[in-house]
Structures are given as C-alpha cells and as structure tokens.
Amino acid sequence: SQTIHQWPATLVQPVGSPLSLECTVEGTSNPNLYWYRQAAGRGLQLLFYSVGIGQISSEVPQNLSASRPQDRQFILSSKKLLLSDSGFYLCAWSRRAGKRNTGELFFGEGSRLTVL
Amino acid sequence: AQSVTQPDIHITVSEGASLELRCNYSYGATPYLFWYVQSPGQGLQLLLKYFSGDTLVQGIKGFEAEFKRSQSSFNLRKPSVHWSDAAEYFCAVGAADKLIFGTGTRLQVFP
C-alpha cells in the first residue's frame, strides 16, 4: 500500500533562518506531488506541485522554493524565513491519470511551522 | 479562473440533527469535485468525489453530496450528525493536475 511521510512534524524557527521540510511517498511510482500551506482561517493554499523529477510549478510568488530530487521525494525550502511563513504545511500526492488529474489527493500528516 | 466558495465559515449543530455544508465552484469544463475532512492537527481525508454519472454521490461516514450543474454547487449532507463529525470540511475542484480548495467550513457539534 502507499504511504506518505512528512517531517519534521513540528518546527519552531527564528526569522531569517533557513527551512527544509521533506516529504516522501512509498508504494507508488511517478506520482504528482504537492505542497499546500494552511494558515489560520485561510483554507488550503497550493504552493508548488510537480509532475516529475526536476519539474516544479509555483503557484504563488514568495520566498519559498521546492525541489524534487527523486521521483518520490519532495522538499520545501527557504533561505530566510519570514514571520508570515508560519503555518501548517501539507504534502500530498496523486496518481498521474492521463491528461488531467482526476484522482484524489493523499495527504501527509502535516508539518507545523512557527516562525518567531 | 477556477475557484471554490464555501460561504459558511463556521456551523454549529446539535448531535442527531441534519447537516448541509454548501459549496459553489467556478470551472469552465465538466468539474471533478471533492469533499475532504480534516481533524485538528491532522492531514485531510477524502469523504467523497464526483467525476461523472449519478449526481448524488455517497461517501464514507454516512456523508453524501449532490452535484447540481445549474447551480454550480456540490453541497455536502448528512442526515444525522455525530459528535465525532466535528472537524473542518473542505470542498475542492480538480483543475489540470491540481485541486483548488475552498476556505473550509468548521463544524461544531453540541451534545
């Protein structure tokens, strides 16, 4: 069966420090991968998604970046965190289905980032 | 542009009462629609999805949703709410390799 792991689960970082959140999917190949951020009262915001190794699409301009060094690994990074980067970050994957992603998203348990 | 609107930010119901959570979408083609549920501090779990066919879709935990093209809606319903249904609910529309989510509705259940 497929599983998705995210870490760390909780992170407290000072403003200006770097960030690295990792996400790994097991039990499937060639998944689409996603990073969402959930800020209080603001729903789920899609940050990045990837349909293959090295292929990253960014949805919003910000000081975050994403990378996909391996088929089932997705990393969210920042060189210098801002207070506004605080939130709950969710990684997700989906099966690639033809020309359009019609399938469900499978979510990780999330990483709570607090920037002080 | 694709979008999803959940007009109710917070809903409170008594246990055993019926529930309807509203969702309206904007999408140029036939939409693929989803409802997810999130317990506090957790990831999201799929409740149900609509791709085509019967417009009344059954999901897990006794939930159902009805797709109404004329109203661009995909409302979630449950005939009798349980205390364990207290959570945040998200509606989403599938659009070109990604899902667009609404802002969510927080459900509170009183005993």
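What counts as what
Residues numbered from 1 in each chain as written. Chains lettered and ligands numbered in written order. Predicted model: local features only at pLDDT ≥ 70, side-chain atom pairs only at ≥ 80, totals over all residues. Heavy atoms only, no water. Helix = DSSP H or I, 4+ residues; strand = E, 2+ residues; numbered from the N terminus. Rg over C-alpha atoms; globule rule 2.2 N^0.38 Å. Areas by Shrake-Rupley, 256 points an atom, 1.4 Å probe, with all protein chains shown as cover. Buried < 20%, exposed > 50% of the residue type's maximum accessible area, 1.4 Å probe, protein only. Pairing = 2+ DSSP bridges. Axes fitted to C-alpha atoms, helices over the stretch in contact; angles between N-to-C directions. Contact = heavy atoms within 4.5 Å. Buried area = accessible area lost by both parts, 1.4 Å probe. Salt bridge = Lys/Arg side-chain N within 4 Å of Asp/Glu carboxyl O. Nonpolar A, V, L, I, M, F, W, Y, C, P; charged D, E, K, R; others polar.

(A) Layout of the overall build of chain A. Along chain A, the regular secondary structure elements total 0 helices and 11 strands. Starting at the N terminus and ending at the C terminus, chain A contains elements arranged as β-β-β-β-β-β-β-β-β-β-β. What you see for chain A is a C-alpha radius of gyration of 14 Å, in line with the 13 Å of a compact globule of 116 residues. Considering only C-alpha atoms, chain A reaches an extent of 40 × 30 × 25 Å along its principal axes. Accessible surface computed for chain A: about 5500 Å², of which carbon and sulfur atoms make up 53%.

(B) The arrangement of the pairing of strand E5 (residues 44–52) of chain A in detail. Residue and element names in this part refer to chain A. Of all 9 residues that make up E5, 7 are buried, and the element is covered over most of its length. Bridge count between E5 and strand E6 (residues 55–58): 3 bridges; the pairing is antiparallel. Each bridged residue has a counterpart across the sheet, and for Phe 48 the counterpart in E6 is Ser 58.

(C) Structural detail: the sheet that holds strand E8 (residues 73–78) of chain A. All names here are of chain A. Taken in spatial order, the 4 strands make up an open sheet running E1-E3-E8-E7, and their pairing is antiparallel. With partners counted over all chains shown, the strands left at the sheet margins are strand E1 (3–7) and strand E7 (64–70), one partner each. Direction aside, the axes of adjacent strands within the sheet are offset by 15° on average. Inspection of the sheet shows strand E3 (residues 19–26) paired to E8 by 6 bridges, in the antiparallel sense. Note on E8: the bridge partner recorded for Glu 22 is Ile 75.

(D) Geometry of the interface of chain B and chain A. Contacts between the two partners involve 25 residues from chain B, matched on the other side by 22 residues from chain A. For the pair chain B and chain A, the two sides together bury roughly 1900 Å², of which 51% comes from carbon and sulfur. The largest per-residue losses of area from chain B upon contact with chain A belong to Asp97(B), Lys98(B) and Phe101(B), which jointly make up 31% of the total buried on that side. Applying the counting criterion to the chain B and chain A interface returns 1 salt bridge. For Glu59(A), the salt bridge is made with Lys98(B), and the minimal N-O distance between the two is 2.9 Å. Where the side of chain B that touches chain A is concerned, the elements lending two or more residues are strand E5 (32–38), strand E6 (44–50), strand E10 (87–94) and strand E11 (99–101) of chain B. In the side of chain B that touches chain A, the residues fall into 13 nonpolar, 8 polar and 4 charged.

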